[in-house]
Amino acid sequence: MTRIIVITSGKGGVGKTTVSANLGMAIAKMGRQVALVDADFGLRNLDLLLGLENRIVYTAVEVLARECRLEQALVKDKRQPNLVLLPAAQNRSKEAVTPDQMKLLVNALAQKYQYVIIDSPAGIENGFKNAIAPAKEALIVTTPEISAVRDADRVVGLLEAQGVKRAHLIINRIRPAMVRANDMMSVQDVQELLAIPLIGVIPDDERVIVSTNRGEPLVLSDTPSLAATAFENIVRRLEGETVEFLDLDSQSENIFARLRKLLWTKII
């Protein structure tokens, strides 16, 4: 049975598209057939993060207008043959597509792909309504900031009203040192406020910015990183595995310990 998952947040800038790209690629690496759907009509970005912007010929709008077949609009990723992207139209507004039309597109994809992941636009207007219309599950992304958490809480309520009962929380860009200094909300703080099951905690990592600019999802990198491991662990949990959460505090402490040791060695 196909898993149809919307990745949403309410607030812009919390990393939804980065999460969508990396989770889609990580799922495909596990051998699953994955279709990524960019639901941000007018401001598409998912193609850039995947490095597929130069390969787009048709978009979802042309499919709905019957100007091309769905298969013609799907952009295949050469690095990972199990993954395809259905791009949004950049020159159309969010009103160009209706929730019923999104259902038609996603249901067609569900005939062939094991996962359909929908990257929702920011806000709770028409674009958001389109993105959640076909969804059976939701991953709600937030950063540990009160404004982002409040918007995420609003989205939880809207998803429940839409009938999307299965929702999980991803906390992005956590900085353990700031949490310890009481300058940032902790994972527990966010969990208590939102009261939905936690499926992933992604540490703040400058390599995410580098990978985004290069159009290469972090999970494809040969260089290991905590953020890439966090993305892969989320996928394993989606697949039903029991995976311990990364101990980001001890990881940070180990880094500082190695630095202190290195500095002390140089002094001696």
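Keep in mind that this is a model prediction, so the values were computed, not measured.

## Focus on the overall build of the protein chain
And then number 1: A tally of helices and strands in the protein chain yields 12 helices and 8 strands.
And then number 2: Against the compact-globule benchmark of 18 Å for 268 residues, the protein chain has a radius of gyration of 19 Å, which places it among compact chains.
And then number 3: Taken along the three principal axes of its C-alpha coordinates, the protein chain extends 70 × 40 × 35 Å.
And then number 4: Each of the 268 residues in the protein chain was classed as buried or not, and the buried ones make up 51%.
And then number 5: Counting contacts in the protein chain only where the partners sit at least 6 residues apart, residues at least 24 apart contribute 75% of the total.
And then number 6: Summed over all atoms, the accessible surface of the protein chain reaches about 13,400 Å², with 49% contributed by carbon and sulfur.

## Re the nonpolar core
And then number 1: With 52 residues, the main nonpolar core has L86, L109 and I118 as its most contacted residues.
And then number 2: Those residues in contact with I118 that sit more than four places away from it in its chain are I4, I5, V6, I7, V37, A39, M102, V106, A131 and P134.
And then number 3: Of all hydrophobic cores here, the second largest spans 38 residues; its members include L23, A28, L85 and L238.

## As for the UniProt feature "binding site: ATP" (unreviewed entry) in the protein chain
And then number 1: According to UniProt, the "binding site: ATP" (unreviewed entry) feature falls on K11, G12, G13, V14, G15, K16, T17 and T18.
And then number 2: Positionally, K16 belongs in helix α1 (residues 16-29).
And then number 3: Discounting chain neighbours no more than four positions away, the residues touching K16 are I7, T8, S9, K11, D119, S120, P121, A122 and V141.
And then number 4: Reaching out from K16, the side chain makes a polar contact with the backbone oxygen of K11 at a distance of 3.4 Å.

## Here's the deal with the pattern of salt bridges
And then number 1: Applying the stated criterion across every chain, the model contains 9 salt bridges.
And then number 2: Between K29 and E232 there is a salt bridge; the shortest N-O distance is 3.5 Å. Within this pair, whereas K29 is found in helix α1, its partner E232 is found in helix α11 (residues 226-238), the two being separated by 203 residues in sequence.
And then number 3: Looking at K29, the relative accessible area reads 41%, which means it is partly exposed.
And then number 4: The exposure class assigned to E232 is partly exposed, which follows from its relative accessible area of 30%.

## Description of helix α10 (residues 206-214)
And then number 1: For α10, the capping residue at the N-terminal end is D205, with a side-chain oxygen 2.8 Å from the backbone nitrogen of R207.
And then number 2: A positive backbone phi angle near 70° is found at G215, which sits one or two residues after α10.

## Points about the packing of helix α7 (residues 146-162) against helix α9 (residues 187-194)
And then number 1: Between α7 and α9, the least distance of the axes is 10 Å, while the angle of their chain directions is 30°. For the element pair α7 / α9, the angle class is roughly parallel. The hand of the α7/α9 crossing is right-handed. Of the residues in α9, those in contact with I146, V149, A152 and D153 of α7 are V190, L193 and L194.

## Quick word on unusual backbone geometry
And then number 1: Phi at R66 takes a positive value of approximately 60°, unusual for a residue other than glycine.
And then number 2: Tracing the chain through its elements places R66 in the loop between α3 (60-64) and α4 (70-73).
And then number 3: Judged by relative accessible area, R66 falls into the exposed class, the value being 78%.
And then number 4: The phi dihedral of N182 is positive, around 60°, even though this residue is not glycine.
And then number 5: Note that N182 resides in the loop between α8 (176-180) and α9.

## Examining the sheet that holds strand β6 (residues 137-142)
The pairing of strands in a sheet comes from backbone hydrogen bonds and takes either a parallel or an antiparallel form.
And then number 1: With respect to topology, 8 strands assemble into an open sheet ordered β3-β4-β2-β5-β1-β6-β7-β8, the strand pairing being mixed. The sheet is open, and its two borders are formed by β3 (75-76) and β8 (198-203), each paired with just one other strand.
And then number 2: Relative to strand β5 (residues 115-119), helix α5 (residues 99-110) is tilted by about 150°, and along the sheet it contacts β1 (3-8), β2 (34-38), β4 (83-86) and β5.

## Observations concerning the pairing of β2
Two faces make up the sheet, and in a regular strand the side chains alternate between them.
And then number 1: Counting buried positions along β2 yields 5 of 5 residues, so the element is predominantly enclosed.
And then number 2: Looking at chain direction, β2 and β4 are connected through 4 bridges and run parallel. For V34, the partnering residue across the bridge sits in β4 and is L83.
And then number 3: For β2 and β5, the ladder comprises 5 bridges, and the chain directions are parallel. Residue V37 lies in a different strand from β5, and its bridge partner there is I118.

## Focus on the packing of aromatic side chains
Centre distance and the angle of the planes are the two values used to describe a pair of aromatic rings.
And then number 1: Using the criterion set out here, one finds 0 aromatic pairs in the structure.
And then number 2: The residue whose ring lies beneath R237 is F245, and the NZ or CZ to ring-centre distance is 4.0 Å.

Thresholds applied
- Residues numbered from 1 in each chain as written.
- Predicted model: local features only at pLDDT ≥ 70, side-chain atom pairs only at ≥ 80, totals over all residues.
- Heavy atoms only, no water.
- Helix = DSSP H or I, 4+ residues; strand = E, 2+ residues; numbered from the N terminus.
- Rg over C-alpha atoms; globule rule 2.2 N^0.38 Å.
- Buried < 20%, exposed > 50% of the residue type's maximum accessible area, 1.4 Å probe, protein only.
- Contact = heavy atoms within 4.5 Å.
- Areas by Shrake-Rupley, 256 points an atom, 1.4 Å probe, with all protein chains shown as cover.
- Core = buried A, V, L, I, M, F, W, Y, C linked by side-chain atoms within 4.5 Å.
- UniProt positions renumbered as here; feature names shortened; annotations may be inferred.
- Polar contact = N/O pair within 3.5 Å; in protein donor to acceptor, adjacent residues only side chain to side chain.
- Salt bridge = Lys/Arg side-chain N within 4 Å of Asp/Glu carboxyl O.
- Axes fitted to C-alpha atoms, helices over the stretch in contact; angles between N-to-C directions.
- Parallel < 35°, antiparallel > 145°, perpendicular 65-115°, else oblique.
- Left-handed = near helix turned anticlockwise from the far one by under 90°.
- Pairing = 2+ DSSP bridges.
- Phe/Tyr/Trp six-rings, centres within 6.5 Å; stacked < 30°, edge-to-face > 60°.
- Lys NZ or Arg CZ within 6 Å of the ring centre and 35° of its normal.

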